[in-house]
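# Descriptive structure summary
This is what each chain is made of:
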Amino acid sequence: MNDHAKRYVLYGAPGSGATPVHAALTLIGIPIETVDVAPWKGEAERDKLAHVNPMRQAPVLVLPSGEVITESAAILMWLAERHPEAALAPPADHPLRAQYLRWMAYVPSSIYSMYWVRDEPSRLAADAESEKVILERTRERIAECWRMMDAQVPRGTPYLLGAKLGVLDLYVAVVSRWTPGRHRFYREAPRMAEVVRRVDAEPRLADFWAARFPFTPGWEGPETA
Ligand SMILES: N[C@@H](CCC(=O)N[C@@H](CS)C(=O)NCC(=O)O)C(=O)O
């Protein structure tokens, strides 16, 4: 067996949906090989994923056995389940298990799915004017979905599901950095704002963030979005 075959291989460029997966693997302590593909940049990049994911989307995690897992939430939940020692999710009998599953399904279905539309609105819109409307409305829909989630998530703990940083926190911390950006997110989702700031500042992830999704000037997005 060569080295490549023995390792986890994660497809997805820095800042993509591969980022929360990579952060979870970092907390678990699993070394991986990364393949930086940015499928939102066009057909040529998407084609680089076709051999592992016919949807030509990232993230894709290829296990040492060769098995392929796609779908960010599924990968995160699977990793948390396979590594209970890392305490990245409430176990099956935990009182917050239902809320964990609820929000892990909500983020990709209600929010992440909007970026397929946004990244290339011409896939749905017939002309430039319609594309503009789609971009405005999906931005507002994303903000509204964060607002609705924020009003319903558990409160009073450092992280969304208790005292420990878990995969839901990683997922929200990364996806909330996409359009309309963190400033808008902080206004719409004050409870989750406290949590994502804690995730940004997590010492075990400091090197990871610096390497894979740095906090460079302007990283929080436009103040007025
Ligand atoms: N349901 C997928 C969505 C993945 C997704 O949309 N990924 C983006 C990159 S962050 C992508 O590959 N976009 C390519 C495209 O728009 O066709 C998941 O949760 O993993």
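Residues numbered from 1 in each chain as written. Predicted model: local features only at pLDDT ≥ 70, side-chain atom pairs only at ≥ 80, totals over all residues. Heavy atoms only, no water.

### Points about the domain arrangement of the protein chain
Worth spelling out the cut-off: Residue ranges labeled as domains rest on an automatic or database domain assignment. Whether two residues are in contact is decided by their heavy atoms, any of which lying within 4.5 Å being enough. Note on terms: buried area is the combined drop in 1.4 Å-probe accessible area of two parts once they are placed together, counting the loss on both. Within this document, salt bridges are pairs made up of a side-chain nitrogen of Lys or Arg and a carboxyl oxygen of Asp or Glu, the two lying within 4 Å of each other. Definition of a polar contact: a pair of N or O atoms within 3.5 Å, with one able to donate and the other able to accept a hydrogen when the atoms are protein atoms, and with sequence-neighbouring residues admitted only if both atoms are side-chain atoms. Only DSSP runs of H or I covering at least 4 residues are called helices, and only runs of E covering at least 2 are called strands; the numbering of each starts at the N terminus. Under this grouping Gly is polar, as are all residues other than the nonpolar Ala, Val, Leu, Ile, Met, Phe, Trp, Tyr, Cys and Pro and the charged Asp, Glu, Lys and Arg.
The assigned domain composition of the protein chain is domain 1 (6–86) and domain 2 (97–202). With 20 residues of domain 1 at the contact, the number on the domain 2 side is 16 residues. Buried surface at the junction of domain 1 and domain 2, summed over both partners, amounts to about 1300 Å²; 65% is from carbon and sulfur atoms. Broken down residue by residue, the surface that domain 1 buries against domain 2 is led by Pro 20, Leu 76 and Met 77, which jointly contribute 30%. In this structure, Glu 120 engages Arg 46 in a salt bridge whose closest nitrogen and oxygen atoms are separated by 2.8 Å. The interface formed by domain 1 and domain 2 contains four residue pairs in polar contact (both at pLDDT 80 or more). Of all the elements in the fold, those that place two or more residues in the side of domain 1 that touches domain 2 are helix 2 (18–28) and helix 4 (72–82). Of the residues assigned to the side of domain 1 that touches domain 2, the class counts are eleven nonpolar, seven polar and two charged.

### Overview of helix 6 (residues 128–152)
Note: α-helices contain 3.6 residues per turn, so residues at a spacing of three or four share the same orientation. Here is the rule: Helix span, expected: 1.5 Å multiplied by one less than the number of residues in the helix. Burial status follows relative accessibility: with a 1.4 Å probe on protein chains alone, a residue under 20% of its type maximum counts as buried, one over 50% as exposed, and anything between as partly exposed.
Taking 1.5 Å of rise per residue, the 25 residues of helix 6 would be expected to cover 36 Å, and the 37 Å separating its terminal C-alpha atoms lies within 8% of that figure. Residues of helix 6 that are buried include every one of Ile 134, Thr 138, Ile 142, Ala 143, Cys 145, Trp 146, Met 149 and Asp 150, and no others.

### Some remarks on the pairing of strand 2 (residues 32–35)
We count it as follows: DSSP bridges decide pairing: two strands pair if at least two such bridges lie between them. Think of it like this: strands point away, you trace from the first strand over the helix to the second, and a clockwise trace means the crossover is right-handed.
Strand direction decides the pairing type here: strand 1 (residues 8–11) and strand 2, joined by four bridges, are parallel. Paired with Leu 10 across the two strands is Thr 34, which belongs to strand 2. Taking the sense of rotation as the criterion, the β-α-β connection linking strand 1, helix 2 and strand 2 turns out right-handed.

### What about the side chain of Arg 118?
Where we set the bar: We score Asp and Glu as negative and Lys and Arg as positive, and we do not count His or the chain ends.
Relative to the helices and strands, Arg 118 is located in helix 5 (residues 97–119). Salt bridges are absent for the buried Arg 118, whose nearest opposite-charge side chain, Asp 119, sits at 6.0 Å. Within the structure, the side chain of Arg 118 is placed 3.0 Å from the side chain of Thr 138, a separation counted as a polar contact. Ignoring anything within four residues of it in the chain, the contact list for Arg 118 reads Leu 135, Thr 138, Arg 139, Ile 142 and Thr 179.

### A look at the site of the ligand
Quick reminder of the rule: Throughout, near means a residue has at least one heavy atom within 4 Å of the molecule or strand. For the accessible areas, the method is Shrake-Rupley and the probe is 1.4 Å, while residue cover comes only from the protein chains on display.
In the vicinity of the ligand, 13 residues are found, and the nearest of them are Ala 58, Glu 71, Ser 72, Tyr 112 and Arg 123. Between Gln 57 and the ligand, the recorded distance is 3.4 Å, taken from a side-chain N or O atom to an oxygen atom. In the complex, 90% of the free accessible area of the ligand, which totals 520 Å², lies under the protein chains. A per-class count over the shell around the ligand returns six nonpolar, four polar and three charged.

### Describing helix 2
Of all eleven residues in helix 2, ten are buried, a share of seventy percent or more. Listed as buried for helix 2 are Ala 18, Thr 19, Pro 20, Val 21, His 22, Ala 23, Ala 24, Leu 25, Leu 27 and Ile 28. Residues of helix 2 that are buried in the fold lie against strand 1, strand 2, strand 3 (60–62), helix 4, helix 7 (167–175) and helix 10 (206–212). Following helix 2 by one or two positions, Gly 29 adopts a phi angle in the positive range, close to 95 degrees.

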